[in-house]
Structure formats: structure tokens, C-alpha cells
Amino acid sequence: MYGLTPFERKSMDLFNAFHDFENDFFNGSGAVSSFNEFKTDIRDEGDRYVMEAELPGFEREDIKLDLNGDTLMLSAEHSSETEDKSDKSYIRRERSFGSYRRTFDMSDVDTSRIDAEYKNGILYMNLPKKQSTAPTSRRLEIK
């Protein structure tokens, strides 16, 4: 399966631990920050792939799985409208609201048999592999 690994990997520079800290934290560099993505693990179990996506704090209704051809788009959205609008004075607020979206290539998956379950903040997906057909051999008759 292609497209399952992130395009950008950041390495820790031990000599300059705060290199581009402000840009990375506030997403000013255009890089994907941890506030705008969710973590996903994908295992190959022989006849299927198993994907686990961490989506804590989401309700099942907030998560959408859209399949378009060989592309799966997993998206989830927190809405600030569900928050209590009372007169609260926050000293610090770390919970974020917004949308999260990732796409995955499903060209090696039998998309008609995908199964998904959401529990305890983790979306579990069983992605059965396409059955590879062995090429048949036969002798052709000459006319």
C-alpha cells in the first residue's frame, strides 16, 4: 500500500533543540503540526491490513470515511458550537477545535469488504487485501 507513510519526517537536532520551535508550534512553516493530524498505525497481517487511528474526544458521528476509487479519506471534525457558551474565563485553553483529514491509497485493498469500528477513541479498520489471481497457463491450439 502506498501513501501510508508521512511525507515529512522531522529529526531531533540535539545541538539546537529549539530550532524553528515557534514555526513548528504555531504551524507557521507550512509543516504539519501535531495539532492538525491524528496518529495512525497500519499492520500487515497477511490476508489483511489493520489500521488503528487515534481520534480521542470525537463522537462516532464526527468521523467520516469516504471512499473515492482507490482513495480513502478519513476525516473528523470538532465543532466549537457544542461547547458551553456560558461566561467562563479561561486562564489556559489547550483543547482545540477544527477538522482533521488524511487520505490513504487503497489500491491493494478489497474495498467492498472494509470493516470499521470506533471505540475508546480509536478507529479500528480491517482492510482485506485483494485476492491475487495466479496466472493460468494453457496450451494454445494452432489452426
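Because the structure is predicted, anything quoted here is derived from the model rather than measured.

Conventions we followed
Residues numbered from 1 in each chain as written. Predicted model: local features only at pLDDT ≥ 70, side-chain atom pairs only at ≥ 80, totals over all residues. Heavy atoms only, no water. Helix = DSSP H or I, 4+ residues; strand = E, 2+ residues; numbered from the N terminus. Buried < 20%, exposed > 50% of the residue type's maximum accessible area, 1.4 Å probe, protein only. Contact = heavy atoms within 4.5 Å. Areas by Shrake-Rupley, 256 points an atom, 1.4 Å probe, with all protein chains shown as cover. Pairing = 2+ DSSP bridges. Axes fitted to C-alpha atoms, helices over the stretch in contact; angles between N-to-C directions. Core = buried A, V, L, I, M, F, W, Y, C linked by side-chain atoms within 4.5 Å.

(A) Expanded view of the overall build of the protein chain. From N to C terminus, the protein chain includes one helix and seven strands. Here the protein chain, with 143 residues, has 20% of them falling under the buried criterion. Long-range pairs, those at least 24 residues apart, make up 49% of the contacts in the protein chain between residues at least 6 apart in sequence. For the protein chain, the accessible surface area stands at approximately 11700 Å², while carbon and sulfur atoms represent 48% of it.

(B) Focus on the sheet that holds strand β4 (residues 71-77). Read across the open sheet, the three strands follow the order β3-β4-β5; overall the sheet is antiparallel. Every interior strand has two partners, whereas the edge strands, β3 (63-68) and β5 (99-105), have only one. Shown here is a sheet whose adjacent strand axes are inclined to one another by a mean of 15 degrees, direction ignored.

(C) Highlighting the nonpolar core. By size, the foremost hydrophobic cluster in this structure holds 18 residues, and its most contacted members are L55, L74 and L123. Of all elements in the fold, only β2 (48-54), β4, β5 and β7 (122-128) reach the threshold of two or more residues within this core. Excluding its chain neighbours within four sequence positions, the residues that come into contact with L55 are F38, I63, L74, A76, Y118, G121 and L123.

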